[in-house]
Amino acid sequence: RPKTLGWITVTHVCKRFRDAAVDSRLWSDIYFQLGSKWAMEMAVRARQTPIRIHLREAHEFTPEMPSYILKHLSHIRRLDLLGSEAEIKPIAFSLIGPAPLMDSIHIHSSTMVFLPFDLFANSAPRLRHVDLRHCQIQWSSFLFTSLVTLHIEFPCCFSSFSSLPSLADLLDILEINPNLEDLSL
């Protein structure tokens, strides 16, 4: 599949187009199909605009990705991670700082991945949408407060019942999320 430069192409037309295209809002969706170099450039151009980061293919999970995400965590609005446990784990353990603008997190692992106990330093006040597939998390986590959407999926052959939420955990999650509209377990 050929790679396209998307908005980057517009910056190469003329000065007027470049000035318009350098508007930070145009760079808020950061995809890594073009490689880390262009993704880093998109983040620079986004400045402190709330951004959405999408990592969906194995080659996008580079060794510098955990530090990149930690560096921009303060202005990430949405984080989408789709990969294997080996790809997701280093990034998951870099999510240790506050995420004041995080509205949505989607982590879909092909195998079980453990998320840190102190995810987002227990501070993501705007978080409303959580979608976790094959992720183990502390069920009493702050992550499960003020949610509108909560999707949790475990592997069908998952054998560690101690990792599953208890009935009391589930009832607590429901109690502290009065605005929950979409629940899928």
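Higher on the page you've got the structure.
Residues numbered from 1 in each chain as written. Predicted model: local features only at pLDDT ≥ 70, side-chain atom pairs only at ≥ 80, totals over all residues. Heavy atoms only, no water.

**Q** What is the right way to look at the sheet that holds strand β5 (residues 129–136) in this model?
**A** Strand pairs in the sheet, formed through backbone hydrogen bonds, run parallel or antiparallel to each other. Taken together, seven strands build an open sheet; the order of strands is β1-β2-β3-β4-β5-β6-β7 and the sheet is parallel. Strand pairing shows two members of the sheet lacking a second neighbour, β1 (29–31) and β7 (182–184), which therefore form its edges. Strand-to-strand, the axes of this sheet are offset by a mean angle of 15°, without reference to chain direction. Relative to strand β4 (residues 104–114), strand β3 (residues 76–83) runs parallel, the two sharing six bridges. Bridge assignment links Leu79 to a residue of β4, and that residue is Ile105. Docked against the sheet, helix α3 (residues 36–46) engages β1 and β2 (51–55), running at close to 165° with respect to β1. (Pairing = 2+ DSSP bridges. Helix = DSSP H or I, 4+ residues; strand = E, 2+ residues; numbered from the N terminus. Axes fitted to C-alpha atoms, helices over the stretch in contact; angles between N-to-C directions. Contact = heavy atoms within 4.5 Å.)

**Q** I would appreciate a short explanation of the environment of Gly83 in the present structure.
**A** Position of Gly83 among the secondary structure elements: in strand β3. On the accessibility criterion, Gly83 (12% relative accessible area) is buried. Each C-alpha atom, one on Gly83 and one on Ile107, is 8.3 Å from the other, the two residues being 24 residues apart in sequence. (Buried < 20%, exposed > 50% of the residue type's maximum accessible area, 1.4 Å probe, protein only.)

**Q** Which parts of the structure should I look at to understand a nonpolar patch on the surface?
**A** A grouping of Leu167, Leu171, Leu174, Leu183 and Leu185 is seen on the molecular surface, where their side chains present a nonpolar patch of about 510 Å² in accessible area. If you tally residues by element for the nonpolar patch, the top one is helix α6 (residues 167–175), at three residues. Among the secondary structure elements, Leu183 is positioned in strand β7. Take Leu183: its relative accessible area is 39%, and that puts it in the partly exposed class. (Patch = residues over 30% accessible without salt bridge, like charges linked within 9 Å, V, L, I, M, F, W, Y side chains within 5 Å. Areas by Shrake-Rupley, 256 points an atom, 1.4 Å probe, with all protein chains shown as cover. Salt bridge = Lys/Arg side-chain N within 4 Å of Asp/Glu carboxyl O.)

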